[in-house]
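A closer look at the structure
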Amino acid sequence: MNPPGSSGQHPLVQNQTVTEGRTAIMTCRVEYNDQTSLQWSNPTQQTLFFGNKKALRDNRIELVRASWSELTISISEITLADEGMYTCSLFTMPVKTAKAYLTVLGVPEKPEIDGLTKPALEGDEITLTCMTHGSKPAANLRWFRNEKEIKGAKEVNASGKTFTVTSSLQLLVDRDDDGAAYTCKVDHVALLQTPQQTTEVLEVHYAPRVLITQSLTFPQEGQYLKLECVSKGNPSPDPVLWTKDGGELPDLERMIVQGRELTFSALNKTDNGTYRCVASNHLGTSSAEYILYVYDPNAMGQRGPDHALIGGVVAVVVFVTLCLIIFLGRYLARHKGTYLTNEAKGADDAPDADTAIINAEGNTHAEGKKEYFI
């Protein structure tokens, strides 16, 4: 805002910032005017309004208010070409002027995401590129994966008065990216109320992985058992193949295959064996195995196998181990006593323990001989 002059006759204006496509209001006031006309001129010095009289044939420009103390006009459907320095003139002698700069914000276009291959394969390296045109000043682009922000590489290029902004995102695709939503959002001062964004959902194809779940922990004769082949792959590996011990299922009346499930209506000992589930798609094959052992219900307690029998076996092993330790201890103690006794017998004349034992044994024989000759 320009301060009034010392005479009190000086036009007062303010800079304006308007978003492209909207309406700009340009106001010029004077604190004191002796019935001198006010005038608005555009950046090319064309007169827009002189007092209440329109001077430029432009349907977008209209008079809002005209008096000796104020001249206010509006410019609708603002374009980037309307940006520049506007002049308000007060026709005194000499003419007094004030200048207001009209800044026009360029609205960025809705962003576009390129580089998305559908479907992508697990292990592929792809680059997603987000681009927006027409921003002024340059917009900012932000990436989100399932609403969590991730960082991309930004590049800005000027195109006349506006900017083209690009952001790239490099991905090493894995199966966890299947169904992930990648969103590119534009941040800009002209989009505070209506942010622009684009979302693409990534589709990833990958080889299956398989595991088998069972409905019983300790299957018994006569019980119903369900095995489920849980396989995950894209495309979906349907159907799956069930085999027993490397061959076909032997009893299709009791062993029923429905989709991914293998059910046994009534188990018996002949069902024992290794069951395999195989799942395939165009990217690969995966399998899982389940070893079935059918327990005799007469040998099973309410809680499963006979834990008392297992505890008894453990107790026997502990008892035998203790007996061996006691026996070994007594054996070592007995031999140690003999060694000390023999050592004492020959200790009087021996320089060490081994010589004492030898002397003791020798003395025994010597005394025997002495008694014989006597």
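Details of the structure are given in the entry above.
I will try to describe carefully the structure that is included in this document. If you're wondering where the values come from, they're calculated on a predicted model, not measured in any experiment.

**Some words on the overall build of the protein chain**
- In terms of regular secondary structure, the protein chain is built from 2 helices and 25 strands.
- Burial analysis of the protein chain (374 residues in total) assigns 35% to the buried set.
- Here the contacts in the protein chain between residues at least 6 apart in sequence split such that 60% fall between residues at least 24 apart.
- With an accessible surface of roughly 22800 Å², the protein chain has 53% of that area assigned to carbon and sulfur atoms.

**Concerning the state of the cysteines**
- One pass over the structure, following the stated rule, counts 3 disulfides.
- Between the sulfur atoms of Cys-130 and its disulfide partner Cys-184 the distance amounts to 1.9 Å. Given an S-S torsion of about -85°, the disulfide between Cys-130 and Cys-184 has left-handed geometry. Taken together, the residues Cys-130 in strand β12 (residues 125-135) and Cys-184 in strand β17 (residues 181-187) connect sequence positions 54 residues apart.
- Each disulfide pairs two cysteine sulfurs, and for Cys-229 the partner residue is Cys-277, the sulfurs being separated by 1.8 Å. Between Cys-229 and Cys-277 the sulfur-sulfur dihedral comes to about -70°; the bridge is accordingly left-handed. Linking Cys-229 in strand β20 (residues 225-234) with Cys-277 in strand β24 (residues 273-281), this pair joins segments that are 48 residues apart in sequence.

**Brief notes about the pattern of salt bridges**
- Tallying each qualifying case throughout the model produces 15 salt bridges.
- In this structure, Arg-65 and Glu-70 form a salt bridge, with 2.7 Å as the shortest nitrogen-oxygen distance.
- For Glu-70, a relative accessible area of 10% translates into the label buried.
- A salt bridge links Arg-145 to Asp-177; the nearest nitrogen and oxygen atoms lie 3.0 Å apart. Here Arg-145 is found in strand β13 (residues 140-145), whereas its partner Asp-177 is found in the loop between β16 (162-172) and β17, with 32 residues between them in sequence.
- Overall, Arg-145 belongs to the partly exposed group, its relative accessible area being 25%.

**With respect to the sheet that holds β16**
- Overall, antiparallel pairing links the 4 strands, which are arranged β10-β12-β16-β15 in an open sheet. Strands with a single pairing partner mark the edges of an open sheet, and in this sheet they are β10 (112-114) and β15 (153-159). Pairs of neighbouring strands in the sheet enclose a mean axial angle of 20°, with direction left out of account.
- For β15 and β16, the ladder comprises 7 bridges, and the chain directions are antiparallel. Looking across to β16, one finds that Val-156 is bridged to Val-165.

**Brief notes about the side chain of Thr-263**
- Relative to the elements of secondary structure, Thr-263 occurs in strand β23 (residues 261-264).
- We classify Thr-263 as buried; its relative accessible area is 8%.
- In this view, Thr-263 contacts Tyr-224, Leu-225, Lys-226, Arg-254, Met-255 and Ile-256; residues no more than four positions away in its chain are not counted.

**What about the pairing of strand β6 (residues 61-66)?**
- Where β6 meets strand β7 (residues 70-75), 5 bridges bridge the pair, whose relative direction is antiparallel. Across the sheet, Ile-61 pairs through a bridge with Ile-75, a residue of β7.

**Thoughts on the nonpolar core**
- Membership of the largest hydrophobic core comes to 23 residues, with the highest contact counts inside it found for Val-13, Leu-38, Trp-40, Ile-73, Ile-78, Tyr-86 and Leu-102.
- Counting residues per element, this core draws most heavily on strand β9 (residues 96-105), at 4 residues.
- Apart from the residues lying within four places of it in its own chain, the contact partners of Tyr-86 are Met-26, Trp-40, Ser-41, Asn-42, Pro-43, Leu-48, Ile-75, Ala-98, Lys-99, Ala-100 and Leu-102.

**Here's the deal with unusual backbone geometry**
- Note that the residue after Lys-136, namely Pro-137, is joined by a cis bond; omega there is -5°.
- Inspection of the secondary structure puts Pro-137 in the loop between β12 and β13.
- Note the cis peptide between Asp-238 and Pro-239, where omega equals -5°.
- Summarising the element assignment, Pro-239 is placed in the loop between β20 and β21 (241-244).
- In this structure, Gln-45 is a non-glycine residue whose phi angle is positive, near 65°.

**A short note on the packing of aromatic side chains**
- For the coordinates displayed, the defined rule picks out 4 aromatic pairs.
- Arranged with centres 5.4 Å apart and planes meeting at 65°, the rings of Phe-50 and Phe-91 form a pair that is edge-to-face. Taken as a pair, Phe-50 in strand β4 (residues 47-50) and Phe-91 in the loop between β8 (84-90) and β9 lie far apart in primary sequence, 41 residues in all.
- Under the relative-accessibility criterion, Phe-50 is labelled partly exposed at 33%.
- The class for Phe-91 is partly exposed, based on a relative accessible area of 35%.

Definitions and cut-offs
- Residues numbered from 1 in each chain as written.
- Predicted model: local features only at pLDDT ≥ 70, side-chain atom pairs only at ≥ 80, totals over all residues.
- Heavy atoms only, no water.
- Helix = DSSP H or I, 4+ residues; strand = E, 2+ residues; numbered from the N terminus.
- Buried < 20%, exposed > 50% of the residue type's maximum accessible area, 1.4 Å probe, protein only.
- Contact = heavy atoms within 4.5 Å.
- Areas by Shrake-Rupley, 256 points an atom, 1.4 Å probe, with all protein chains shown as cover.
- Disulfide = S-S within 2.5 Å.
- Salt bridge = Lys/Arg side-chain N within 4 Å of Asp/Glu carboxyl O.
- Pairing = 2+ DSSP bridges.
- Axes fitted to C-alpha atoms, helices over the stretch in contact; angles between N-to-C directions.
- Core = buried A, V, L, I, M, F, W, Y, C linked by side-chain atoms within 4.5 Å.
- Phe/Tyr/Trp six-rings, centres within 6.5 Å; stacked < 30°, edge-to-face > 60°.

In short, shape yes, function no, at least from these values alone.
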